[in-house]
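Analysis of the macromolecular model
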Amino acid sequence: MVDYHAANNQSSSGAVQTYMEQENDWDRDLLLDPAWERQQRKTFTAWCNSHLRKAGTQIDNIEEDFRDGLKLMLLLEVISGERLPKPERGKMRVHKINNVNKALNFIASKGVKLVSIGAEEIVDGNVKMTLGMIWTIILRFAIQDISVEETSAKEGLLLWCQRKTAPYKNVNVQNFHISWKDGLAFNALIHRHRPDLIDYDSLRKDDPVTNLNNAFEVAEKHLDIPKMLDAEDIVGTLRPDEKAIMTYVSSFYHAFSGAQKAETAANRICKVLAVNQENEQMMEEYEKLASDLLEWIRRTIPWLENRTQEKTVKDLQAKQEDFRDYRCVHKPPKVQEKCQLEISFNTLQTKLRLSNRPAFMPSEGRMVSDINGAWHTLEGAEKGYEEWILSEIRRLERLEHLAEKFHQKAAIHESWTDGKEAMLTQKDYETSTLAEVKALLKKHEAFESDLAAHQDRVEQIAAIAQELNQLDYYDAANVNARCQKICDQWDILGALTHSRKDSLERTEKQLESIDELYLEYAKRAAPFNNWMEGAMEDLQDMFIVHNIVEIQDLITAHEQFKSTLTEANMEREAIQSIQAEVQKIAQSNGIKLSGSNPYTTITPESIDNKWERAMAMVPQRDNALQEELNKQKSNDTLRATFATQANAVGAYIKDKMEEIGRISIEMNGTLEDQLTNLKEYQTSIMSYMPEINKLEGYHQLIQEALIFDNQYTKYTMEHLRVGWEQLLTTIARTINEVENQILTRDAKGISQEQLYEYRASFNHFDKKRSGQMVSDDFRALLISTGYSLGDTEFARIMSIVDPNGSGAVTFQAFIDFMSTETTDRDTADQVIASFKILAADKNYIMAEELRRELPPDQAEYCIARMAPYTGPDAVPGALDYMSFSTALYGESDL
């Protein structure tokens, strides 16, 4: 059944008085008609019980059960929703009269004029007076609030019946008696509102009993309208009782008018829930996209921070190729994802503002600022990784050069020391003549000179080994072992040299004959031979240069070396002349030479051979230096080519950044025109992408050529990449801002002229043309639009347009505020009122009521999110729709 509380609380005393005076002129004599009295008894009893059962009771005899006034007061409390004075529980007549008077006084307080109805008559069980009182109650609480086109209650109810049954054949409602005798009007009312319950075409006008029983049974079973009359009561009388029929029909009116309100309420709830579901889907998509991007950054940063050293330049260049693949293949889609994430976040926040929902707060660590921070960390790691790769290439090149130099010098030194220990430990001087011993001593002096000359090479070998260790050379263990072996052997040679010299000097007094020419030869041949070996080392030495100046310095040094060759050749000829003099003296004095110089192992033939080899190396060194000079000139050309393209790209990006800044402030035309122009502008920017790719190609050539500096431009590839990404992101954000303005305009009904006015006002006070303004400028803007601002009101507005307290207000925040101030929005109170209608005015709602009134998906959405109702009138399965509605608008936690 339908409650009448709301209608009762809206009564108008003047209208009630006028109407009741008309309706109270009922002919009580007609009650003497047994048929009418029987119909009224049955109808009024059923009507009373339909309300008393809400309080857990009922009546059986209408004139007897109201005599003590207790159930009468209870009936008035149920249908009015108000508390009556406390009843008296005594059994005496006075107690009963007092209770009935309290009920009659309450009826009178509602503007009802009781004619000839007194408490004593009710207590005495006067049927006529009791039925008249119940009819008065029915008029006041069930029929009075019915009004169609400003008609009275009776006419309004009649007009409602006529309109609802107009399309049906054989139905012509003109009154509340004979128009209802055939039962078709009752069936038409039900079919009009619930066609699923009645097969109207199967009904026959000549079978009124069947028609009436069908309508009464369907109403009782499906519409919660109790059976108030029997079909025979209506058919069996010439003119059915008007009051009984009106009472019955009013129950249909209230049942169906409640259904219409429920449908309206359900539509409102569906609309609110659809917005909420769409927003939740966007939130879930944002969370997933943010999680995926952060996870990719989390996995990528350790790879970029990995500093595992490689053994060779080739291995490191493979890492460099992987890094280039990351830059060109893997990172660009993530840049797009990051931009799309920011756009989705801004669009979601705009939709939430437009639907009066609280702002979206992503999960911890997934804010746009968190993603920007992680992205900044990624780019820092990326820059560090690139710098590390370049420094590692330099280090490995240096290591390979040093290692080659170490092994070359070590091989020369080991070749020189081969057999020296055996030579120094032999005892040949013990059986030699004085001349032979003297010769051995001179030979040893020459060896010492040679040993001293080789000291520099040993020190170089040790220094190179130490530098290889400092640079963390991968084969440092073998280098150290070889270096240690050379040093140990050098110490042994030093000790043996000193020991042999002592031995020779002890016998020197006995040795007097020395061949001065041999000695002079040996002394001059050894340094010259060492010089030639050093020269050949230098001529074969590897070199690494990075620019033209360095290679030109090497060429200059080489030319200086060539300028000393004439003097060196003169020294060679002088040394060879000593040997020739030895031969001449030997021949002239008949001396038989042993065939070798006793003081040195360096022969004139070995000197000539080394000289020829050294001279052959000079043009080879010339060619190598010239090739490197050509290479450095080519590298310089690459630098200039890259610089020309980089300078053009840098200037383009700078101009376009300034241009998009002006466009975002000075946009004209409709928002759709602005959006179209911006997208065309974006397309024109993207058409410049081939120039960026061309620059990337030049950059790759520079890296492959191992060029690490460029004096022709201030731009680096990293700088230009960041600028290009920033330009694309700025355009995308500007387009998103216009799209959000379109959303705001369409959702709030803002005209194009209003948007122009808002934009013009904003630009006027945006003195820096930055697209946002400080609080003082914003206050001036508000005053110019007609706001009278105190500090408290301005602080409230700033909390809306600048919730993060940054001190700056964007144009989007300004139009959101202006549209919010000038348009109506759904509120939590409206949603609560809608749920209350669906719940039949209860403070809670049942799951079956939601499933009956709402679409399946939205009903289940509500059931899953509504908390159990815990109020004093809670029943099993009751759901709390009030806290749920409040949570939709962010006013409390769900």
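Residues numbered from 1 in each chain as written. Predicted model: local features only at pLDDT ≥ 70, side-chain atom pairs only at ≥ 80, totals over all residues. Heavy atoms only, no water.

Our next topic: the overall build of the chain. A tally of helices and strands in the chain yields 33 helices and four strands. Taken across its 894 residues, the chain has 46% of its residues classed as buried. Considering only intrachain contacts with a sequence separation of at least 6, the fraction spanning at least 24 residues in the chain is 75%. As displayed, the chain has an accessible area near 44200 Å², and 50% of this comes from carbon and sulfur atoms. (Helix = DSSP H or I, 4+ residues; strand = E, 2+ residues; numbered from the N terminus. Buried < 20%, exposed > 50% of the residue type's maximum accessible area, 1.4 Å probe, protein only. Contact = heavy atoms within 4.5 Å. Areas by Shrake-Rupley, 256 points an atom, 1.4 Å probe, with all protein chains shown as cover.)

This next bit is on the packing of helix H27 (residues 775-784) against helix H28 (residues 791-801). Taken N-terminus to C-terminus, the directions of H27 and H28 make an angle of 110 degrees; their axes are 12 Å apart at the nearest point. In terms of orientation, H27 and H28 fall into the roughly perpendicular class. In this structure, H27 contributes Ser-775, Phe-778, Arg-779 and Leu-782 to the contact, and H28 contributes Asp-791, Phe-794, Ile-797, Met-798 and Val-801. Classifying every residue of the contact of H27 with H28 gives six nonpolar, one polar and two charged. (Axes fitted to C-alpha atoms, helices over the stretch in contact; angles between N-to-C directions. Parallel < 35°, antiparallel > 145°, perpendicular 65-115°, else oblique. Nonpolar A, V, L, I, M, F, W, Y, C, P; charged D, E, K, R; others polar.)

What follows concerns the pattern of salt bridges. Tallied over the entire structure, the rule returns 50 salt bridges. Measuring nitrogen to oxygen at the nearest pair gives 3.1 Å for the salt bridge that ties Asp-196 to Arg-194. According to the relative accessible area criterion, Arg-194 is partly exposed, its value standing at 30%. Note that Arg-482 is salt-bridged to Glu-414, the shortest N-O span being 2.8 Å. Of this pair, Arg-482 sits in helix H18 (residues 476-506) while Glu-414 sits in helix H15 (residues 368-417), and the two are 68 residues apart along the sequence. (Salt bridge = Lys/Arg side-chain N within 4 Å of Asp/Glu carboxyl O.)

Scanning the model with the defined rule gives 27 aromatic pairs in all. An angle of 10 degrees between the planes, with centres 6.1 Å apart, marks the rings of Phe-44 and Trp-135 as stacked. Placement of Phe-44 in helix H3 (residues 34-52) and of Trp-135 in helix H8 (residues 127-143) is noted, with a sequence separation of 91 residues between them. Both residues of the pair, Phe-44 and Trp-135, belong to the buried class. Every member of this aromatic cluster is reached through a ring pair, and the members are Phe-176, Trp-180, Phe-186, Phe-216, Tyr-248, Phe-252 and Phe-256. One cation-aromatic arrangement involves Lys-420 over Trp-416; the distance from NZ or CZ to the ring centre is 4.9 Å. (Phe/Tyr/Trp six-rings, centres within 6.5 Å; stacked < 30°, edge-to-face > 60°. Lys NZ or Arg CZ within 6 Å of the ring centre and 35° of its normal.)

Where helix H10 (residues 184-193) meets helix H11 (residues 208-222), the closest approach of the two axes is 8 Å, and the angle between their N-to-C directions is 35 degrees. Considering the relative orientation of H10 and H11, their crossing is left-handed. Across the interface between the two elements, Leu-184, Phe-186, Asn-187 and Ile-190 from H10 touch Asn-211, Leu-212, Asn-214, Ala-215, Phe-216, Val-218 and Ala-219 from H11. Taken together, the residues that form the contact of H10 with H11 break down as eight nonpolar, three polar and no charged. (Left-handed = near helix turned anticlockwise from the far one by under 90°.)

Within the largest apolar cluster, 77 residues are counted, with the highest numbers of intra-cluster contacts made by Ile-137, Trp-180, Phe-186, Ile-190 and Phe-252. Per-element tally for this core: the top contributor is H8, with twelve residues. Non-local contacts of Ile-190, meaning those with residues more than four positions away in its chain, are made with Pro-195, Leu-197, Ile-198, Ala-215, Val-218, Ala-219, Leu-223, Phe-252 and Phe-256. Leu-728, Ile-731, Ile-735 and Met-798 belong to the second-largest nonpolar core, a separate cluster that totals 48 residues. (Core = buried A, V, L, I, M, F, W, Y, C linked by side-chain atoms within 4.5 Å.)

Quick look at the confidence of the model for the chain now. On average, residues of the chain score 81 in pLDDT, and 89% of them are at 70 or above. Confidence, read as mean pLDDT per element, is least for helix H2 (residues 13-23) in the chain (39) and greatest for strand E3 (residues 867-868) (94). For the stretch residues 1-32, pLDDT sits under 50, and the model shows 72 contacts to residues farther than four places along the chain or on other chains. Taken as a whole, residues 510-514 scores under 50 in pLDDT and shows 16 contacts with residues more than four places along the chain or in a different chain. (pLDDT = per-residue confidence, 0-100.)

Let's shift gears to the side chain of His-177. Relative to the assigned elements, His-177 resides in the loop between helix H9 (153-165) and H10. Residue class for His-177 comes out buried when judged on its relative accessible area of 12%. If we skip the residues at most four places from it in the chain, His-177 touches Arg-239, Pro-240 and Glu-242.

A few words now on the environment of Leu-440. Mapped onto the elements, Leu-440 comes out in helix H17 (residues 434-470). Relative accessible area serves as the criterion here: at 13%, Leu-440 is assigned to the buried category. Spatially, the C-alpha atoms of Leu-440 and Tyr-599 are 6.8 Å apart, while their sequence positions differ by 159 residues.

Mapped onto the elements, Pro-872 comes out in the loop between E3 and strand E4 (879-880). Between the alpha carbons of Pro-872 and Asn-843 there is a distance of 10.0 Å; along the sequence they are 29 residues apart.

This next bit is on unusual backbone geometry. Positive phi, normally seen in glycine, also occurs at Asn-170, with a value near 65 degrees. Looking at the element boundaries, Asn-170 is found in the loop between H9 and H10. Here Asp-841, not a glycine, exhibits a phi torsion of approximately 70 degrees, which is positive. Along the chain, the position of Asp-841 falls in the loop between helix H30 (828-838) and helix H31 (847-853). Overall, Asp-841 belongs to the partly exposed group, its relative accessible area being 39%.

What follows concerns H8. Along its 17 residues, H8 runs 22 Å from first to last C-alpha, staying within 8% of the 24 Å computed at 1.5 Å per residue. With 16 of its 17 residues buried, H8 lies for the most part within the structure. One side-chain oxygen at the N-terminal end of H8 lies 3.0 Å from the backbone nitrogen of Lys-128; it belongs to Asn-126. (Expected span 1.5 Å × (residues − 1). Polar contact = N/O pair within 3.5 Å; in protein donor to acceptor, adjacent residues only side chain to side chain.)

Our next topic: the side chain of Thr-45. Tracing the sequence through the fold places Thr-45 in helix H3. Ignoring any residue separated from it by four or fewer positions in sequence, one finds Thr-45 in contact with Gln-40, Ile-59 and Ile-62.

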